[in-house]
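Structural overview for review
Residues per chain are reported as follows:
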Amino acid sequence: MSDRPAARRWGKCGPLCTRENIMVAFKGVWTQAFWKAVTAEFLAMLIFILLSLGSTINWGGTEKPLPVDMVLISLCFGLSIATMVQCFGHISGGHINPAVTVAMVCTRKISIAKSVFYIAAQCLGAIIGAGILYLVTPPSVVGGLGVTTVHGNLTAGHGLLVELIITFQLVFTIFASCDSKRTDVTGSIALAIGFSVAIGHLFAVYWAGPIIGAVLAGGLYEYVFCPDAELKRRFKEAFSKAAQQTKGSYMEVEDNRSQVETEDLILKPGVVHVIDIDRGEEKKGKDPSGEVLSSV
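Residues numbered from 1 in each chain as written. Predicted model: local features only at pLDDT ≥ 70, side-chain atom pairs only at ≥ 80, totals over all residues. Heavy atoms only, no water.

All right, on to the overall build of the protein chain then. Within the protein chain, the regular secondary structure consists of 11 helices and 3 strands. Burial status across the protein chain gives 30% buried among its 296 residues. (Helix = DSSP H or I, 4+ residues; strand = E, 2+ residues; numbered from the N terminus. Buried < 20%, exposed > 50% of the residue type's maximum accessible area, 1.4 Å probe, protein only.)

As structure tokens, then:
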């Protein structure tokens, strides 16, 4: 045992930095299902980036560039994401987008610990997928490898707004399509999400805009348009308690000791009711004369 004070042993973190508390915070991480989900996000993002960015390569090269086919690129992105969601959705949820994962955290669909691993796997998968595409693409046509840039006539603020809007419609589509409370969804959820991605590319910073749009879409759907009944009840209780606390420093408190049940207040013939105020007790006794006496 160390003679050092507890504060010095734990450092600045305090007792929350103990190994037991860290293990509890990451409960569920040490399971096979969790690592299958993380691996699925990694593999889905790798395939998605490899296929989608491949559609942006201009095979005419820098000397004779071909016209950019936005329909081809948009459909490739949309159908690729639909395929990946169909393949990996039952394993990891098919986020395949850090913005979607952040929206899921804000709406309490997944834990923060899980989201950290998801985003790390998604970014790693995207880097490796782009790296594979770079290796198999001839240097003469590799170009910018599909990197999105803001048009020269637009500012970063314009790009932020556009990304916010298109990610908003994507995440709102995901929440609406995957809502377990709905019974009218009969089509393909994966295809609906894929078309949403295709629309976003046809409409067309790349971190802030999508994340803000995703959080807004998830929050509006989950807490405003289609709130969960249990969550709504909890919010109502929390707001009512907060309202009571802001009314003043004094709150009404019920004292059960000074309450007398209603049925005991009814005067019954032939019974003497004697109520002791100080002790809050009621004593009953038979009146031999049959008269009703009440002493308060």
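Attention now goes to unusual backbone geometry. One non-glycine residue, I96, adopts positive backbone phi at about 50°. Of note, I96 is situated in the loop between helix 4 (70–92) and helix 5 (98–106).

Here we take up the layout of surface pockets. Its boundaries defined by the atoms lining it, the second largest pocket holds a volume of some 510 Å³. Around the second largest pocket sit 29 residues that line it, and M104, K109, F175, C178 and E222 are the ones nearest its centre. For the lining of the second largest pocket, the elements supplying multiple residues, two or more each, are helix 3 (32–54), helix 4, helix 5, helix 6 (112–136), helix 7 (156–177), helix 8 (189–203) and helix 9 (208–225). For the lining of the second largest pocket, the residue count by class is 16 nonpolar, 6 polar and 7 charged. (1 Å grid on protein atoms, 1.4 Å probe; cavity = no way out; pocket = protein on both sides within 12 Å on 5 of 7 lines; lining within 4 Å. Points joined across faces, edges and corners; volume = space filled by probe spheres on them. Nonpolar A, V, L, I, M, F, W, Y, C, P; charged D, E, K, R; others polar.)

Looking at soluble globular proteins, one finds that nonpolar side chains tend to be buried together. With 35 residues, the main nonpolar core has F48, I96 and V171 as its most contacted residues. Taken together, the elements giving at least two residues each to this core come down to helix 3, helix 4, helix 5, helix 6, helix 7, helix 8 and helix 9. Residue contacts for V171: discarding those within four places in its chain leaves V100, A103, A214, A217 and G218. (Core = buried A, V, L, I, M, F, W, Y, C linked by side-chain atoms within 4.5 Å. Contact = heavy atoms within 4.5 Å.)

Next up on the list: the packing of helix 7 against helix 8. Two elements in contact, helix 7 and helix 8, have axes whose closest approach is 9 Å; the angle formed by their N-to-C orientations is 170°. With respect to helix 8, the element helix 7 is oriented roughly antiparallel. Contact residues: helix 7 offers V162, I166, Q169, L170, T173, I174 and S177, while helix 8 offers I189, A192, I193, S196, V197, G200 and F203. Counted by class, the contact of helix 7 with helix 8 contains 9 nonpolar, 5 polar and no charged residues. (Axes fitted to C-alpha atoms, helices over the stretch in contact; angles between N-to-C directions. Parallel < 35°, antiparallel > 145°, perpendicular 65-115°, else oblique.)

Moving on to the pattern of salt bridges. All chains considered together, the criterion is met by 3 salt bridges. The salt bridge partner of E222 is K109, with a shortest N-O separation of 3.1 Å. The exposure class of E222 is buried, given its relative accessible area of 8%. Among the ionic pairs, D179 bridges to K181, the shortest N-O distance being 3.2 Å. (Salt bridge = Lys/Arg side-chain N within 4 Å of Asp/Glu carboxyl O.)

This part is about the packing of aromatic side chains. Counting across every chain of the model gives 8 aromatic pairs. Their ring planes at 85° and their centres at 5.3 Å tell us that F34 and W35 sit as a pair that is edge-to-face. Residue F34 is classed as buried on the basis of its relative accessible area of 6%. Ring centres 6.3 Å apart and planes at 55° place the aromatic pair F175 and Y221 in the tilted group. Relative accessible area serves as the criterion here: at 4%, Y221 is assigned to the buried category. Feature note: the residues F168, F172, F175, Y221 and F225 constitute an aromatic cluster, connected by ring pairs. (Phe/Tyr/Trp six-rings, centres within 6.5 Å; stacked < 30°, edge-to-face > 60°.)

Glancing now at helix 3. For helix 3, which comprises 23 residues, the first-to-last C-alpha distance of 33 Å matches the rise-based estimate of 33 Å (1.5 Å per residue) to within 8%. Here helix 3 has its buried residues at F34, A37, V38, A40, E41, A44, M45, L46, F48, I49, S52 and L53. Residues of helix 3 that are buried in the fold lie against helix 4, helix 5 and helix 6. (Expected span 1.5 Å × (residues − 1).)

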